[in-house]
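Commentary on secondary and tertiary structure
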Amino acid sequence: MLDATGIPTKEDLERVFPTEERLMQGPTVIVECYQNIPCNPCYTVCRTGAIKEFADINDLPTVDHSLCNGCSLCVSNCPGLAISILDMTYSEDEALLKIPYELIPLPKPNQIVKGLDREGVEVTDVKVIKVIDSKALDKTPIIAIAVKKQYAKIIRSIRLEE
Amino acid sequence: MIPVEILVIGGGPAGLCAAVQAAEMGSKVLIVDRNNTLGGQLVKQTHMFFGSEKQYASTRGFDIANILLDKIDKMKNVEIMRKATVLAIYEDGVVSLEHKDKYIKIKPKAIVVATGASEKNLAFPNNDLPGIYGAGAVQTLMNEYGVKPGNRVLMIGAGNIGLIVSYQLIQAGVRVEAIVEAAPTIGGYLVHASKVRRMGVPILTGYSIKEAYGTDSLESAAIWKLDENWRGIPGTEKKLNVDVICISVGLSPLSELLWQAGCQMKYIHELGGFVPVRDTNLHSSVKGLFVAGDVAGVEEASSAMVEGYIAGMSAAAYLGYKLYNMKLVKEDLMNQLDSLRHGPVGEKIRRGISNLTIEHEAAASVDAL
Ligand SMILES: Cc1cc2nc3c(=O)[nH]c(=O)nc-3n(C[C@H](O)[C@H](O)[C@H](O)COP(=O)(O)OP(=O)(O)OC[C@H]3O[C@@H](n4cnc5c(N)ncnc54)[C@H](O)[C@@H]3O)c2cc1C
Ligand code: SF4
Ligand code: SF4
């Protein structure tokens, strides 16, 4: 499926998502990298050892979610833009999702934007909390959005109103 | 006739790395490129690259070109000739080129050919309408010259180039209506595919273009589903209102100079067409002529750079220059190539190259030193 459409299946997602238990403990990384390609910057940039050393550069990344502190260094370093950070403890009914976003104009904090799923379909409105665009991110800004918890695993992109 | 030690033809990632390596070993190098800006394909690559740190992974293409050019700037024994197109390599080793409307002849002691590859075309009715481009040409228009090619695009081909150029079109504010791919699966990296899919671009595998329509320029296009023999199925046509079609159905090595020099060539489908037979030092069948990068087999910038270092080292070694730890350096480069090509995506490349390698008896190769 994924290799015919570009859309990961439910099973694909289940394989890479942290456990519910881990999600309830605070921010952690979701690495949506399903294909053996010669690439490893996610490992080289991770300082906590959460992303394990690659025995072969073509291996899939191995993630130990218990070591990940959600620092989001890997988010802007992944050339596949395949990494996001999910914090299910953000508020009573909202999760905080951090995604890489390389389009202009950038949204502004407090702006309401469309939340899109992995097919690019609009699901619900989401609120922009923070826009990080420091030099260290090297032109891959990170957008933090507040998402209703039931959509936390569905939304993966945003669209600004025209 | 201008005497030159090592002539590097093409200043893309392969040629630049060849020059760096050969110069580091002490030889005098001249790089010629037909463009004004060096860096080859890297110049227009605004996305982050894959690979490992050694090949500048997660750095953007144009930044990689600048890193290499900065290195060369600091080297006293490398010269660069821009806007110089090599026209011929003759059997006696004389190279002729056109530079500032002048015809120049050069006699190098060794040559590294790193001319890259060119885009393949696709035959369909009205494919000569204005508005139909190669995907790489559109990327040059946008990212090098800042020109928006149109407003609504149909991309043909879901390999890495088709996917990346689609993404960059969206970044430039252009709408990509669809990406069609004749094969049943996406050829490019799936992370790139997911990236454009979640921005709302449909990727239609098992589809191709049927026909383009328009009077003075492209106005619309029809796509259709293919059967298992890659023939269009009547009745499955869909019409798309597009003013741009980008063709991205693969590259073929720019190997005219190699044919002319008398290199033994072999058709290897996996590497994009006719490619030069060579040994592991990237020494072709013509003595003193080395090859690197896409011209030696269409692959990636990461492997083109590593091949460049190897070819540069071999050319310098061929002229008698040495590096005290040359064996180790070469081993490391070979290992980098191996690991880049090790995975399932590189399998095709490995298969292609295994059909191609010759043992060289030529005098001074890296191994002999
Ligand atoms: C859209 C796109 C995206 C890509 N993304 C990636 C990626 O993410 N990661 C990756 O590793 N690779 C990527 N690549 C592939 C990579 O760009 C190429 O594999 C690489 O540039 C090949 O390097 P090269 O030096 O062999 O050739 P080139 O970069 O093509 O350079 C060849 C040079 O030779 C010059 N030349 C040619 N003929 C002559 C002549 N007769 N006289 C003088 N000069 C001449 C040309 O002007 C050019 O500068 C991408 C390619 C494209 C098109
Ligand atoms: S978020 Fe930080 S700690 Fe977690 S995997 Fe990424 S780099 Fe490592
Ligand atoms: S950096 Fe991104 S694309 Fe590369 S291996 Fe890690 S997750 Fe996959």
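Rules of the game
- Residues numbered from 1 in each chain as written.
- Chains lettered and ligands numbered in written order.
- Predicted model: local features only at pLDDT ≥ 70, side-chain atom pairs only at ≥ 80, totals over all residues.
- Heavy atoms only, no water.
- Helix = DSSP H or I, 4+ residues; strand = E, 2+ residues; numbered from the N terminus.
- Rg over C-alpha atoms; globule rule 2.2 N^0.38 Å.
- Buried < 20%, exposed > 50% of the residue type's maximum accessible area, 1.4 Å probe, protein only.
- Contact = heavy atoms within 4.5 Å.
- Areas by Shrake-Rupley, 256 points an atom, 1.4 Å probe, with all protein chains shown as cover.
- Lys, Arg positive; Asp, Glu negative; His and termini not counted.
- Salt bridge = Lys/Arg side-chain N within 4 Å of Asp/Glu carboxyl O.
- Polar contact = N/O pair within 3.5 Å; in protein donor to acceptor, adjacent residues only side chain to side chain.
- Near = heavy atom within 4 Å.
- Nonpolar A, V, L, I, M, F, W, Y, C, P; charged D, E, K, R; others polar.
- Expected span 1.5 Å × (residues − 1).
- Buried area = accessible area lost by both parts, 1.4 Å probe.
- Axes fitted to C-alpha atoms, helices over the stretch in contact; angles between N-to-C directions.
- Parallel < 35°, antiparallel > 145°, perpendicular 65-115°, else oblique.
- Left-handed = near helix turned anticlockwise from the far one by under 90°.
- Pairing = 2+ DSSP bridges.
- Domains from an automatic or database assignment.
- pLDDT = per-residue confidence, 0-100.

1. Some points on the overall build of chain A
Secondary structure assignment for chain A yields five helices and seven strands. Starting at the N terminus, the α and β elements of chain A follow one another as α-α-α-β-α-α-β-β-β-β-β-β. Scaling as 2.2 N^0.38, a compact globule of 162 residues should have a C-alpha radius of gyration of about 15 Å, and chain A matches this with 15 Å. Oriented by its inertia axes, the alpha-carbon framework of chain A measures out at about 45 × 35 × 35 Å. Sorting the 162 residues of chain A into buried and exposed places 54% on the buried side. Considering only contacts within chain A whose residues lie at least 6 apart along the sequence, 57% involve residues at least 24 apart. Just so you have it, chain A exposes about 7700 Å², and 52% of that area is on carbon and sulfur atoms.

2. What to know about the side chain of A:Arg22
Residue and element names in this part refer to chain A. On the secondary structure map, Arg-22 appears in helix 3 (residues 20-23). Notably, Arg-22 is buried but unbridged: the nearest opposite-charge side chain belongs to Asp-64, and the N-O separation is 7.3 Å. From its side chain, Arg-22 meets the backbone oxygen of Pro-27 in a polar contact 3.0 Å long. When sequence neighbours within four positions are dropped, the list of residues in contact with Arg-22 reads Pro-27, Thr-28, His-65, Ser-66 and Cys-68.

3. A short note on the site of ligand 1
Residues and elements named next belong to chain B. Around ligand 1 sit 31 residues in total, of which Asp-33, Gln-41, His-47, Val-86 and Asp-294 are the nearest. Between a nitrogen atom of ligand 1 and a main-chain N or O atom of Val-86, the distance comes to 2.9 Å. Notes on ligand 1: free accessible area 1000 Å², of which the protein chains cover 95%. For the shell around ligand 1, the secondary structure elements donating two or more residues are helix 1 (13-24), strand 4 (84-89), helix 4 (160-171) and helix 7 (301-318). Considered class by class, the residues forming the shell around ligand 1 number 12 nonpolar, 14 polar and five charged.

4. Notes on helix 4 of chain B
All names here are of chain B. For helix 4, built from 12 residues, the straight-helix expectation of 16 Å at 1.5 Å per residue is met to within 8% by its first-to-last C-alpha distance of 16 Å. With respect to burial, helix 4 is a largely interior element, 10 of its 12 residues being buried. For helix 4, the full list of buried residues reads Asn-160, Gly-162, Leu-163, Ile-164, Val-165, Ser-166, Tyr-167, Gln-168, Leu-169 and Ile-170. Just beyond helix 4, the residue with positive phi is Gly-173, at close to 85°.

5. Details of the interface of chain B and chain A
Taken together, the contact pairs 37 residues of chain B with 39 residues of chain A. Carbon and sulfur atoms supply 55% of the area buried between chain B and chain A, which totals about 3100 Å² over both sides. On the surface where chain B and chain A come into contact, there are one salt bridge. The partner of B:Arg60 in a salt bridge is A:Glu102, with the nearest N and O atoms 3.3 Å apart. Our count for the contact surface shared by chain B and chain A stands at 19 residue pairs in polar contact (both at pLDDT 80 or more). Those elements giving two or more residues to the side of chain B that touches chain A turn out to be helix 2 (61-73), helix 4, helix 5 (190-197), strand 11 (203-205) and helix 8 (326-340) of chain B. Considering each element in turn, the side of chain B that touches chain A owes the most residues, seven residues, to helix 5 of chain B.

6. Thoughts on the packing of helix 7 of chain B against helix 8 of chain B
Residues and elements named next belong to chain B. Two elements in contact, helix 7 and helix 8, have axes separated by 10 Å at closest approach and are oriented at 155°. Accordingly, the angle class assigned to the pair helix 7 and helix 8 is roughly antiparallel. As helix 7 runs across helix 8, the sense of the crossing is left-handed. For the pair formed by helix 7 and helix 8, the contact residues are Ser-302, Ser-303, Val-306, Glu-307, Tyr-309, Ile-310, Met-313 and Ala-317 on the first element and Met-326, Val-329, Lys-330, Leu-333, Met-334, Gln-336, Leu-337 and Leu-340 on the second. Grouping the constituent residues of the contact of helix 7 with helix 8 by class yields 11 nonpolar, three polar and two charged.

7. Some words on the environment of A:Val45
Residue and element names in this part refer to chain A. Checked against the element boundaries, Val-45 lands in helix 4 (residues 41-45). Sequence separation of Val-45 and Leu-96 is 51 residues, and the distance between their C-alpha atoms is 22 Å. Aside from chain neighbours lying at most four places away, what touches Val-45 is Leu-73, Cys-74 and Asn-77.

8. Topic: the sheet that holds strand 5 (residues 122-132) of chain A
Think of a sheet as strands paired side by side through backbone hydrogen bonds, with each pair either parallel or antiparallel. All names here are of chain A. Sheet architecture is open: seven strands sit in the order 1-2-3-6-5-4-7, paired in antiparallel fashion. Every interior strand has two partners, whereas the edge strands, strand 1 (28-31) and strand 7 (157-159), have only one. Geometrically, the sheet is characterised by an average inter-axis angle of 40° between neighbouring strands, direction not taken into account. Across four bridges, strand 1 lies against strand 2 (residues 83-87) in antiparallel orientation. Paired with Ile-30 across the strands is Ser-84, a residue of strand 2.

9. Comments concerning the domain arrangement of chain B
All names here are of chain B. Under the domain assignment, chain B is made up of domain 1 (2-118 + 251-368) and domain 2 (121-247). Between the C-alpha centres of domain 1 and domain 2 the distance comes to 31 Å. Area buried by domain 1 at its contact with domain 2 is led by Lys-44, His-47 and Phe-50, which between them contribute 55% of it. The interface formed by domain 1 and domain 2 holds eight residue pairs in polar contact (both at pLDDT 80 or more) in total.

10. Focus: the confidence of the model for chain B
Residue and element names in this part refer to chain B. For chain B, the average pLDDT comes to 93, and 97% of its residues sit at 70 or higher. Here residues 362-369 is a poorly scored stretch, pLDDT under 50, and it has 18 contacts once near neighbours within four places are set aside; other chains count. Confidence estimates for the predicted assembly give a pTM of 0.91 and an ipTM of 0.96.

11. Section: the site of ligand 3
Every residue close to ligand 3 is listed here: A:Val31, A:Cys33, A:Cys39, A:Pro41, A:Cys42, A:Pro61, A:Cys78, A:Pro79 and B:Phe50. Residues that form the shell around ligand 3 fall into these classes: nine nonpolar, no polar and no charged.

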